[in-house]
Amino acid sequence: MSEINRVRTGMKQHRDLALAQMKTNEIIMMALNQDLVNKNQAIEIDTNCFEMDTTSHEIAIHPGINMADITKSSPQSWVKFSDKNIEDSTNARFKSNELKGNIEGLLSTACTELMTAWSNSNRTFKERIQETEESQHQLHNHLEMTQQEIADLDDHINLLKESLKGKEPPLKLAETRLKLRTHRPNIEACHDGPHGKLVEEVDEIKDTVSQLNHKLSEAETARAHLIKSRQTLRQDIRVKENSLRIDRGKCMGARLRFPFNHRCSRKCTYRWCQSIANYIMQKTA
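Since we're looking at a predicted model, the values are computed, not measured.

**Side note on the overall build of the protein chain**
Here comes step 1: Scanning the protein chain from N- to C-terminus turns up four helices and zero strands.
Here comes step 2: Restricting to contacts in the protein chain with at least 6 residues of sequence separation, those with at least 24 account for 83%.
Here comes step 3: Here the protein chain has roughly 21700 Å² of accessible surface; of this, 57% comes from carbon and sulfur atoms.

**Looking at the side chain of S56**
Here comes step 1: Here S56 is to be found in the loop between α1 (2–51) and α2 (75–181).
Here comes step 2: Polar side-chain contacts of S56 include one of 2.9 Å to the backbone nitrogen of D53.

**Thoughts on a negative patch on the surface**
Here comes step 1: Together, E200, E201, D203, E204 and D207 make up a region of like negative charge exposed at the surface.
Here comes step 2: Turning to its location among the elements, E201 is positioned in helix α3 (residues 193–254).
Here comes step 3: Residue class for E201 comes out partly exposed when judged on its relative accessible area of 30%.

**Side note on the side chain of N85**
Here comes step 1: As for its placement among the helices and strands, N85 is situated in helix α2.
Here comes step 2: Within polar-contact distance, the side chain of N85 engages the side chain of D35 at 2.9 Å.
Here comes step 3: For N85, the contacting residues outside a window of four places in its chain are A31, L32 and D35.

**A few points about the nonpolar core**
Here comes step 1: One finds L153, I157, L160, L164, V202, L216 and A219 to be the most contacted residues of the largest nonpolar core, which totals 17 residues.
Here comes step 2: Those elements that place two or more of their residues in this core are α2 and α3.
Here comes step 3: A total of nine residues in this core trace back to one element, the largest contributor, which is α3.
Here comes step 4: Excluding residues that lie within four positions of it along the chain, L164 makes contacts with V209, L212, N213 and L216.

**A closer look at the environment of H140**
Here comes step 1: With respect to the element layout, H140 can be found in helix α2.
Here comes step 2: Residues H140 and L233, spaced 93 residues apart in sequence, show a C-alpha to C-alpha distance of 8.0 Å.

**Concerning the pattern of salt bridges**
Here comes step 1: If you walk through the whole model with that rule in mind, you get nine salt bridges.
Here comes step 2: The salt bridge involving D16 is made with R15; its shortest N-O contact spans 3.4 Å.
Here comes step 3: The partly exposed category is assigned to D16, whose relative accessible area is 42%.
Here comes step 4: With a relative accessible area of 46%, R15 lands in the partly exposed category.
Here comes step 5: Between D154 and R223 there is a salt bridge, with the nearest N and O atoms lying 2.4 Å from each other. With D154 in helix α2 and R223 in helix α3, this pair connects stretches of sequence that are 69 residues apart.

**Examining the packing of α1 against α2**
Here comes step 1: For the pair α1 and α2, interaxial distance at closest approach is 9 Å and the crossing angle is 160°. Regarding the angle of α1 to α2, the classification is roughly antiparallel. The chirality of how α1 crosses α2 is left-handed.
Here comes step 2: Across the contact of α1 with α2, the residue classes break down as 18 nonpolar, nine polar and seven charged.

**Some thoughts on α1**
Here comes step 1: Compared with the 74 Å implied by 1.5 Å per residue over 50 residues, the 72 Å span of α1 between its first and last C-alpha is a close match.
Here comes step 2: All buried positions along α1 are accounted for by V7, G10, H14, A18, Q21, I28 and D35.
Here comes step 3: Packed against the buried residues of α1 are α2.

**Looking at the environment of L216**
Here comes step 1: With respect to the secondary-structure elements, L216 resides in helix α3.
Here comes step 2: For the pair L216 and K161, spaced 55 residues apart in the sequence, the C-alpha separation amounts to 7.6 Å.
Here comes step 3: Not counting chain neighbours up to four residues away, the residues in contact with L216 comprise I157, L160, K161 and L164.

Cut-off values and rules
- Residues numbered from 1 in each chain as written.
- Predicted model: local features only at pLDDT ≥ 70, side-chain atom pairs only at ≥ 80, totals over all residues.
- Heavy atoms only, no water.
- Helix = DSSP H or I, 4+ residues; strand = E, 2+ residues; numbered from the N terminus.
- Contact = heavy atoms within 4.5 Å.
- Areas by Shrake-Rupley, 256 points an atom, 1.4 Å probe, with all protein chains shown as cover.
- Polar contact = N/O pair within 3.5 Å; in protein donor to acceptor, adjacent residues only side chain to side chain.
- Patch = residues over 30% accessible without salt bridge, like charges linked within 9 Å, V, L, I, M, F, W, Y side chains within 5 Å.
- Salt bridge = Lys/Arg side-chain N within 4 Å of Asp/Glu carboxyl O.
- Lys, Arg positive; Asp, Glu negative; His and termini not counted.
- Charge placed at Lys NZ, Arg CZ, Asp CG, Glu CD.
- Buried < 20%, exposed > 50% of the residue type's maximum accessible area, 1.4 Å probe, protein only.
- Core = buried A, V, L, I, M, F, W, Y, C linked by side-chain atoms within 4.5 Å.
- Axes fitted to C-alpha atoms, helices over the stretch in contact; angles between N-to-C directions.
- Parallel < 35°, antiparallel > 145°, perpendicular 65-115°, else oblique.
- Left-handed = near helix turned anticlockwise from the far one by under 90°.
- Nonpolar A, V, L, I, M, F, W, Y, C, P; charged D, E, K, R; others polar.
- Expected span 1.5 Å × (residues − 1).

In structure tokens, the structure reads:
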């Protein structure tokens with residue numbers, strides 16, 4: 001955009017110069033036309049005077065005409081006036097040709113510079129699209145690994161739950177045995193070996209259950225983090241897909257052809273600028 005704005009500024013300046021020069025040329029052309037009209041009238045009058053003789057029917061007496069001051073210039077001022085018109089015309093044509101050359105040079109340079117900027121932008125687009133595609137590929141890989149980790153963790157959680165479920169019957173059995181032994185009468189309620197082993201068994205089972213619950217909690221927390229990471233990865237992939245749809249589909253699709261609608265000079269034989277046509281043919285050869 002900065003290159004386009006710079007070119008547009010230069011073109012506007014040259015347009016203003018061209019408009020001003022056209023007005024000057026019109027003024028000089030009007031002066032030349034008026035001078036030509038006057039000189040043609042003067043030639044016609046002088047020719048009529050030269051061809052007139054004593055037998056001409058136009059001759060007549062004009063009293064006092066010799067005393068009248070009918071002249072408005074001298075031979076020197078007449079030559080100076082004509083030379084000034086010629087000089088003004090020469091200078092105007094020189095400036096017009098110079099300005100025309102500058103405009104043609106500006107258009108040719110602008111076409112080349114805009115083509116270069118267009119190519120640079122396309123290259124930057126392609127690099128960015130490639131980076132986005134690589135990032136999208138990496139995100140897909142991470143998503144697949146995350147999905148696998150979630151599946152593995154689900155299997156691990158199921159095993160932990162099955163283990164916890166498997167510990168419930170032995171715990172019930174041991175506690176039930178202890179409960180039944182509490183009904184032994186009087187002195188029979190002895191802290192004997194079976195009682196100690198049952199208490200030890202209940203403690204061991206509860207300790208194992210506590211460890212399994214702790215591991216289950218850790219696994220479920222890790223699974224929640226993985227689920228959140230999966231959502232983030234999916235959202236990032238959608239963003240990348242949208243970026244690719246805009247950059248690759250819309251932007252690059254609209255930039256496949258440069259709008260070559262203007263000629264850079266009258267020497268162009270193509271519908272567009274000759275220099276750009278050569279550039280395209282070199283790039284596509």
